[in-house]
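# Structure assessment
The residues making up each chain are set out below.
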Amino acid sequence: MDIQLLKVFYTAAQEGNISKAANKLNFAQSNVTHKIQQLESDLQTQLFYRHNRGITLSPSGQILLPYVEKILHVIQEARSAVESSAAPTGTLHIGALETAAAIRLPALLTQYHTHYPAVDLSLITGPSEQHLHALLHYELNGAFVTGPVVHPELIQEDVVSEELVLVTPVSHPPIHSVHDIKLLTFLVFHKGCSYRAKLEHLLLDEGLSPVKFMEFGSFEAIIGCVGAGLGIALLPRSIINEAEQQGRVRCHEISKEHAMVKTVFVRRKDALITPALSAFLSEMKEHFH
């Protein structure tokens, strides 16, 4: 199979539209259509269904896609392995939970950038679920996510454990169990957030589900709204310390079985460990251990 045909197929599958794929590849639309037809002829199967909204993978296309994704990644990896020097250079894409990015990583990233300025480091923040998906599709070199992670294609290294606490307005009375909660609106991140999952498990175990959830996009917004009396949140103590010391919110401990959450660093087992990633792993181990 021709590599260029595979690239066109992969881009078309990602975009779901021939015109968008042509723009991304800087090809004429007719050229994209022709190359897809070439690949379909070579494989003697239809790879896409055409419709008014664009294109959709056929069953054969769905089978082919993960193989093409891996082939294109291996080609890029081979090029990186041949071109890479002993000194860390090139790109490094790291995913991280927002808490890790805000509290745990600034010193590590500063140290890494100081030691290896030739590396173009990108940090992408988001929930664990998003990063695991990106890792499995070769879009990240590694990610800091909530552990443990059990997946045959991934390897994990422990980074840090931290305590989750219930966060309420200062005026809220002491909470000895979740049944003492006076406000039943919980301020949370979107689905896929590990802290939200922990909260849902806690409430379910205590028979308090379902309750009202209000979704937010940042810790600052959640902390501010909790302080204003809008609701309650379950957050890492490390990110709440300053707001609590300033008298803006109040923290309450929860049962140990639900309180502890582990952050791990995950990467693909089959991915090339470039000099840039190797240096990052060394810096990370020294920083956290």
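Residues numbered from 1 in each chain as written. Predicted model: local features only at pLDDT ≥ 70, side-chain atom pairs only at ≥ 80, totals over all residues. Heavy atoms only, no water.

As annotated in an unreviewed UniProt entry, the protein chain carries the name LysR family transcriptional regulator and is attributed to Paenibacillus vulneris. In UniProt, the protein chain has this text filed under Sequence similarities (unreviewed entry): "Belongs to the LysR transcriptional regulatory family." (UniProt positions renumbered as here; feature names shortened; annotations may be inferred.)

With that out of the way, let us pick up the overall build of the protein chain. From N to C terminus, the protein chain includes 12 helices and 11 strands. If you line up the protein chain on its principal axes, its C-alpha atoms span 70 × 50 × 30 Å. Residues classed as buried in the protein chain amount to 42% of the 289 residues present. Counting only carbon and sulfur atoms, one obtains 52% of the accessible surface of the protein chain, whose full area is about 15000 Å². A gap of 4 Å separates the mean positions of the 23 positive and 29 negative side-chain charges of the protein chain. (Helix = DSSP H or I, 4+ residues; strand = E, 2+ residues; numbered from the N terminus. Buried < 20%, exposed > 50% of the residue type's maximum accessible area, 1.4 Å probe, protein only. Areas by Shrake-Rupley, 256 points an atom, 1.4 Å probe, with all protein chains shown as cover. Lys, Arg positive; Asp, Glu negative; His and termini not counted. Charge placed at Lys NZ, Arg CZ, Asp CG, Glu CD.)

Here we come to the environment of K198. Among the structural elements, K198 can be located in helix α8 (residues 194–205). Taking the C-alpha atoms as reference points, K198 and T146, separated by 52 residues in sequence, lie 11 Å from one another. Look past the residues within four positions of K198 in its chain and what remains in contact with it is L164, L234, E257, H258, M260 and V261. (Contact = heavy atoms within 4.5 Å.)

A few words now on the pattern of salt bridges. Should their charged atoms come close, side chains of opposite charge can pair. The tally for this structure, following the rule as stated, stands at 14 salt bridges. Between D158 and K262 there is a salt bridge, with its nearest N and O atoms 3.6 Å apart. On the criterion of sequence distance, the pair formed by D158 in strand β6 (residues 154–168) and K262 in strand β11 (residues 260–268) is long-range, its members being 104 residues apart. In this structure, K191 engages E200 in a salt bridge whose closest nitrogen and oxygen atoms are separated by 3.3 Å. Owing to a relative accessible area of 24%, E200 belongs among the partly exposed residues under this scheme. (Salt bridge = Lys/Arg side-chain N within 4 Å of Asp/Glu carboxyl O.)

Here the focus is the nonpolar core. Within the largest apolar cluster, 55 residues are counted, with the highest numbers of intra-cluster contacts made by F144, L166, F186, L235 and F280. Ignoring anything within four residues of it in the chain, the contact list for F186 reads L166, I181, L199, L203, V211, K212, F213, M214 and I232. In this structure, F9, V32, I36 and F48 belong to the second largest nonpolar core, which totals 20 residues. (Core = buried A, V, L, I, M, F, W, Y, C linked by side-chain atoms within 4.5 Å.)

Let us look at the packing of aromatic side chains. For the structure on display, the rule yields 10 aromatic pairs. For the ring pair F144 and F280, a centre distance of 6.2 Å and an interplane angle of 65 degrees mean the geometry is edge-to-face. Taken as a pair, F144 in strand β5 (residues 142–147) and F280 in helix α12 (residues 275–288) lie far apart in primary sequence, 136 residues in all. Accessibility expressed as a relative area gives 0% for F280, which makes it buried. Considering the side-chain rings of F186 and F213, the 6.4 Å spacing of their centres and the 75 degrees angle between planes classify their relative orientation as edge-to-face. Of this pair, F186 sits in strand β7 (residues 185–188) while F213 sits in strand β8 (residues 212–215); the two residues are 27 residues apart in sequence, bridging distant segments of the chain. (Phe/Tyr/Trp six-rings, centres within 6.5 Å; stacked < 30°, edge-to-face > 60°.)

It is worth spelling out the environment of L135 at this point. By the element assignment, L135 lies in helix α7 (residues 128–136). The class of L135 is buried, set by a relative accessible area of 0%. On a C-alpha basis, the gap between L135 and K35 in space is 29 Å, while along the polypeptide they are 100 residues apart. With residues near it in sequence (within four places) discarded, L135 still touches L140, N141, G142, A143, L154, V266, R267 and R268.

A surface patch of nonpolar side chains, amounting to about 390 Å² of accessible area, comprises I3, I63, Y67 and I71. Counting residues per element, the nonpolar patch draws most heavily on helix α4 (residues 59–83), at three residues. Looking at the secondary structure, you find Y67 in helix α4. Overall, the relative accessible area of 56% leaves Y67 in the exposed class. (Patch = residues over 30% accessible without salt bridge, like charges linked within 9 Å, V, L, I, M, F, W, Y side chains within 5 Å.)

Further remarks concern the confidence of the model for the protein chain. Here the protein chain averages 89 in pLDDT, while 97% of its residues score no lower than 70. The least confident element of the protein chain is α4, whose mean pLDDT is 84; the most confident is helix α6 (residues 106–115), at 95. (pLDDT = per-residue confidence, 0-100.)

Residues S128, H131, A134 and L135 constitute the buried set of α7. The arc enclosing the buried residues of α7, seen along the axis, measures out at 130 degrees, which places them on a common side. Along its buried surface, α7 packs onto β3 (90–96), β4 (119–125), β5, β6, α8 and β11. One or two positions beyond α7, positive phi appears at Y138, with a value near 60 degrees. (Arc of directions from axis to C-beta.)

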